[in-house]
Amino acid sequence: VEAVKKRMAISDVPVGVLLSGGLDSSLLVALASENGFKPKSFTIGFEDQPEEKGNEFEYSDLVAERYQTEHYRFHIPNDQVLSRLPEAVGEMSEPMFGQDAVAFYLLSEQVSREVKVVLSGQGADEVFAGYFWYPKMAEQFAQCGDEIQSFAPFYFDRSHEELMSMVTRRFRGPDVTSQRVKQGLGDSKDGPFTNRVLGFDISTLIVDDPVKRVDNMTMAWGLEARVPFLDTKLVETAMRIPPEFKLDQGGKGVLKNLARSRIPDAVI
């Protein structure tokens, strides 16, 4: 609540919410609304594909209706996505592979016409263990007690041996990836294994990928994206929570409990 209020209140202009229809952004709308703010909400959708639906409007609509936000839905046809992909790449500070980069770019273009500041749900998965690999890592660590053996199968793209077989001799060397991970996870005295994994992701993965991607794509249109889930005080508090509470209910158990009665069960 404090993290949301802080980011809603410190602004000379209205603040919106990028409402994906998922748990994290829906919770931001709920907490903002409960505390006297009436944010505009924005959702983007694409054409359906045989293997995947192109939008989650039915979930974002439920949240927007419950809190009576001024809600905007943007539907982007595929031909516009493809033709404008080079623009999105051109706005990147460095090459970034993220399938939602162009979506954030096109969404930000539309949103920037209505507001100049938005809240985003970035960070909730890393802080509160929302990704599918966290429970798998925890289960593996409980069985073997080895950090790299518990981390690598669910995170590394390939083994060190496979990588060495793919490169010429001058590029072969020691397994620096495992060394870096061991360093990032720290010592067992620093806390439970899962919390150390989350701390590693918060300080590396999210900095180099999701946050950078969203920041590049929003600022391309002069849109400032704020991330309450990465509030320093909130992260420090979350890191003191025993991991079983975060891993509960398939991940993000803490947030799911917080969301009960606040947002529709279908969204949770």
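Look above for the structure.
For every chain, the first residue of the written sequence is number 1, and numbering continues from 1 onward in sequence order. Only residues with pLDDT of 70 or above have their local features reported here, since the model is predicted, and side-chain atom pairs are shown and tallied only from 80 upward, although totals for entire chains, interfaces and linings are computed over all residues. Each side-chain value is derived from all of the structure's non-hydrogen atoms; neither hydrogens nor water enter the calculation.

Caption draft 1: Structural context of the overall build of the protein. In terms of helices and strands, the protein carries 16 helices and 5 strands. Here the globule rule is a power law, 2.2 Å times the number of residues to the power 0.38, and the radius of gyration is based on C-alpha atoms. Its C-alpha radius of gyration of 20 Å places the protein within 12% of the 18 Å reference for a compact globule of 268 residues. Its C-alpha atoms put the protein at 55 × 45 × 40 Å along the principal axes. A buried classification covers 46% of the 268 residues belonging to the protein. Carbon together with sulfur atoms contributes 52% to the accessible area of the protein, which is approximately 14000 Å² in total. A run of DSSP states H or I qualifies as a helix once it reaches four residues; a run of E qualifies as a strand once it reaches two. Both are numbered from the N-terminal end. Using a 1.4 Å probe on the protein chains alone, a residue whose accessible area is under 20% of its type maximum counts as buried, one over 50% counts as exposed, and one in between counts as partly exposed. Surface accessibility in these figures is a Shrake-Rupley result with a 1.4 Å probe; residues are shielded only by whichever protein chains are displayed.

Caption draft 2: The environment of S159, seen in detail. Mapped onto the secondary structure, S159 falls in the loop between helix 8 (147–151) and helix 9 (160–166). In this structure, the C-alpha to C-alpha distance between S159 and Q183, residues 24 residues apart in sequence, is 18 Å.

Caption draft 3: Highlighting the environment of V1. Positionally, V1 belongs in the segment before helix 1 (2–9). Sequence spacing of V1 and F104 is 103 residues, and the spatial spacing of their C-alpha atoms is 25 Å. Residue contacts are defined here by distance: any two heavy atoms, one from each residue, within 4.5 Å place the two residues in contact. Discounting chain neighbours no more than four positions away, the residues touching V1 are L31 and N35.

Caption draft 4: Region of interest: the pairing of strand 3 (residues 71–76). Burial of the side chains of strand 3 is restricted to one face: Y72, F74 and I76 are buried, whereas none of H71, R73 and H75 on the reverse face is. Pairing between strands is defined by DSSP: at least two bridges between them are needed. Across 6 bridges, the pairing between strand 2 (residues 40–46) and strand 3 is parallel. Following the sheet pairing, T43 is matched in strand 3 by R73. A clockwise course of the path from the first strand over the helix to the second, judged with the strands pointing away from the viewer, identifies a crossover as right-handed. Where the polypeptide runs from strand 2 across helix 3 (residues 57–67) and back to strand 3, its parallel neighbour, the crossover connection is right-handed.

Caption draft 5: The arrangement of the sheet that holds strand 5 (residues 224–226) in detail. A sheet is described by the order of its strands in space; here 5 strands give the open sequence 3-2-1-4-5, paired in parallel fashion. In this open sheet, the two strands that pair with only one neighbour each are strand 3 and strand 5. Taken pair by pair, the neighbouring strands of this sheet meet at an average axis angle of 30°, ignoring direction. Both strand 1 (residues 15–18) and strand 4 (residues 117–119) contribute to a ladder of 3 bridges, which runs parallel. Helix axes use the C-alpha atoms of the stretch in contact, all axes being lines fitted to C-alpha atoms, and the angles between their N-to-C directions lie in the range 0 to 180 degrees.

Caption draft 6: Local environment of the packing of helix 4 (residues 78–90) against helix 5 (residues 101–111). Close contact between helix 4 and helix 5 brings their axes to 9 Å; oriented N to C, the two are set at 95°. Between helix 4 and helix 5, the interaxial angle falls into the category roughly perpendicular. Residues Q80, V81, R84, L85, E87 and A88 of helix 4 lie in contact with helix 5, whose contacting residues are V102, Y105, L106 and E109. We call Asp, Glu, Lys and Arg charged. Ala, Val, Leu, Ile, Met, Phe, Trp, Tyr, Cys and Pro are nonpolar, and the rest, Gly among them, are polar. Partitioning the contact of helix 4 with helix 5 into residue classes produces 6 nonpolar, 1 polar and 3 charged. In what follows, roughly perpendicular refers to angles from 65 to 115 degrees, roughly parallel to angles under 35, roughly antiparallel to angles over 145, and oblique to any angle outside these ranges.

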